[in-house]
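# Report on the structure
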Amino acid sequence: MAAPDTVRGLLERGWAQLVGSSESSRLDAEILLAHALRRPRSYLPAHDNVPVEEATIARYQSLLARAAQGEPLAYLTGEREFWSLPLTVTPDVLIPRPETELAVERCLALRDAAPAAVADLGTGSGAIALALAVERPLWHVMATDCDASALQVARGNAERLGARNVYFSQGDWLGPLQGRQFDLIVSNPPYVAAHDPALHALRYEPAAALTPGVSGLEALRRIVLQAPAHLLPGGWLVLEHGAGQAAEVAGSLVDAGYARVRCYADLAGRDRVTEAQWP
Ligand SMILES: C[S@@+](CC[C@H](N)C(=O)[O-])C[C@H]1O[C@@H](n2cnc3c(N)ncnc32)[C@H](O)[C@@H]1O
């Protein structure tokens, strides 16, 4: 057993404390200790027997206690990687999910590197908009959200990444796009039904980022119906949605007159992203 106030001793204590609440208790304890130490995680293995200061131990204990209650690690450390980009996240924004990278992949597959007007609706941390802006420096990417605090986080991320081809606008879904037309509109809108029991596990994330109403389809339907006024002929709409919503989303795209409606599955085989072209 390692001495209790050394790096190794604190890690052992952390693993034990998180084992009931996390499937990755070792990794989580390492991330939290590194964060409390203000060091990269790679510092830990070579410093097993180094004693840790009282103030750092107190910071670590507090982080462990919050993690054990279910608070997401990304909010505790203030960052999450998306598309290999380090993004700052706060409780004002959804923590970007790996599945959302599928929406980014589809956008990049649909248009080459030539200049294009692109909009990311409900940008949150800026994840999709920034991944596209970094991959396609000649695209002009408008990132919108109804929430001013979320836009502040997204703006900060754009500044830190030096992304100059993204601009931000606050408003309700297609509202900020008024008078403009785009080659590509992408969105990962809220799509969890209001009474879905899964919401309990997501309780630390902003409700407005998760659920748009009783059915979960309200925001998706609005975007499908309102996007054509803002799509250039041949422009694409790319939507992330819940695993059980692909048929409804495809049906509403066909009913609204879109062509080439196609759905894509994530790595777990669940249909999660649907694209369609405005003829
Ligand atoms: C599921 S989150 C997606 C965040 C980010 N795009 C991502 O993929 O990580 C949905 C986002 O839509 C925003 N939102 C919710 N209702 C909206 C509305 N009526 N108009 C614009 N944005 C909205 C939320 O504030 C939130 O940032």
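The structure displayed is predicted, hence computed values, not measured ones. (Residues numbered from 1 in each chain as written. Predicted model: local features only at pLDDT ≥ 70, side-chain atom pairs only at ≥ 80, totals over all residues.)

In this section: the overall build of the protein. Looking only at helices and strands, one finds ten helices and nine strands in the protein. A separation threshold of at least 6 residues defines the contact pool for the protein, and within that pool the share at least 24 residues apart is 63%. (Helix = DSSP H or I, 4+ residues; strand = E, 2+ residues; numbered from the N terminus. Contact = placed C-beta atoms within 7 Å.)

Let us look at the domain arrangement of the protein. Where the parts come together, the accessible area they lose is often given as the size of the interface. By domain assignment, the protein separates into domain 1 (7-71) and domain 2 (79-277). Placing the centre of domain 1 and that of domain 2 at their C-alpha centroids yields a distance of 34 Å. (Domains from an automatic or database assignment.)

Moving on, we get to the pairing of strand β6 (residues 182-187). Buried residues dominate β6, accounting for five of its six residues. With four bridges joining them, strand β3 (residues 117-121) and β6 adopt parallel strand pairing. Residue Val118 lies in a different strand from β6, and its bridge partner there is Leu184. Bridge count for β6 against strand β7 (residues 231-240) is five bridges, and the pairing is parallel. What sits directly across from Ile185, in β7, is Leu237. (Buried ≥ 20, exposed ≤ 12 C-beta atoms within 10 Å, placed from the backbone. Pairing = 2+ DSSP bridges.)

Helical geometry note: an α-helix holds 3.6 residues per turn, so side chains three or four residues apart project in the same direction. The buried fraction of helix α6 (residues 127-135) amounts to seven of the nine residues, a majority that puts the element mostly inside the structure. Every buried residue belonging to α6 is among Ala127, Ile128, Ala129, Leu130, Ala131, Leu132 and Ala133, and all of these are buried.

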